[in-house]
Amino acid sequence: MKRIEVEVEHFFKSKFMGRKRLKPDGDLVVIGQSRDCDFHLLGDGVSPLHAIIDNQDQTWAISDIGSEQGTWIKR
């Protein structure tokens, strides 16, 4: 079976801040402003705990976890 990885990039004020490659057999990835998050994001519209990225049965999903600004995906 083909394993599909996801690469998440973070830009802040048009500056590249970091990248994280997610593998389908990994744990939940919590993103947000909190230093306790797996992927720390900067920005006024980012909540301390903003969203969760997960893979179940070879399907990737991102879930907003109560942020005020919502969660947007750029393809």
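Look a little higher up for the structure.
Residues numbered from 1 in each chain as written. Predicted model: local features only at pLDDT ≥ 70, side-chain atom pairs only at ≥ 80, totals over all residues. Heavy atoms only, no water.

### Topic: the layout of surface pockets
Phase 1 of the analysis: Its volume calculated, the largest pocket comes out at about 940 Å³.
Phase 2 of the analysis: Mapped onto the lining of the largest pocket, the elements with two or more residues apiece are strand 1 (6-12) and strand 6 (59-64).
Phase 3 of the analysis: Considering every element that reaches the lining of the largest pocket, the biggest residue donor is strand 1, with six residues. (1 Å grid on protein atoms, 1.4 Å probe; cavity = no way out; pocket = protein on both sides within 12 Å on 5 of 7 lines; lining within 4 Å. Points joined across faces, edges and corners; volume = space filled by probe spheres on them. Helix = DSSP H or I, 4+ residues; strand = E, 2+ residues; numbered from the N terminus.)

### Some points on the sheet that holds strand 6
Phase 1 of the analysis: Pairing is mixed across the open sheet formed by four strands, whose spatial order is 4-3-5-6. Each edge of the open sheet is held by one strand with a lone partner, namely strand 4 (39-40) and strand 6.
Phase 2 of the analysis: Direction of pairing for strand 3 (residues 29-32) relative to strand 5 (residues 51-56): antiparallel, over a ladder of three bridges. Bridge pairing in strand 5 links I31 to A51. (Pairing = 2+ DSSP bridges.)

### A word on the pairing of strand 1
Phase 1 of the analysis: Direction of pairing for strand 1 relative to strand 2 (residues 15-22): antiparallel, over a ladder of seven bridges. Counted as the bridge partner of E9 is R19 from strand 2.
Phase 2 of the analysis: In textbook terms, the turn of a hairpin is the stretch between consecutive antiparallel strands, and for strand 1 and strand 2 this stretch comprises two residues, one of which, K13, has a positive phi near 55 degrees.

Keep in mind these numbers describe shape, not what the thing actually does.
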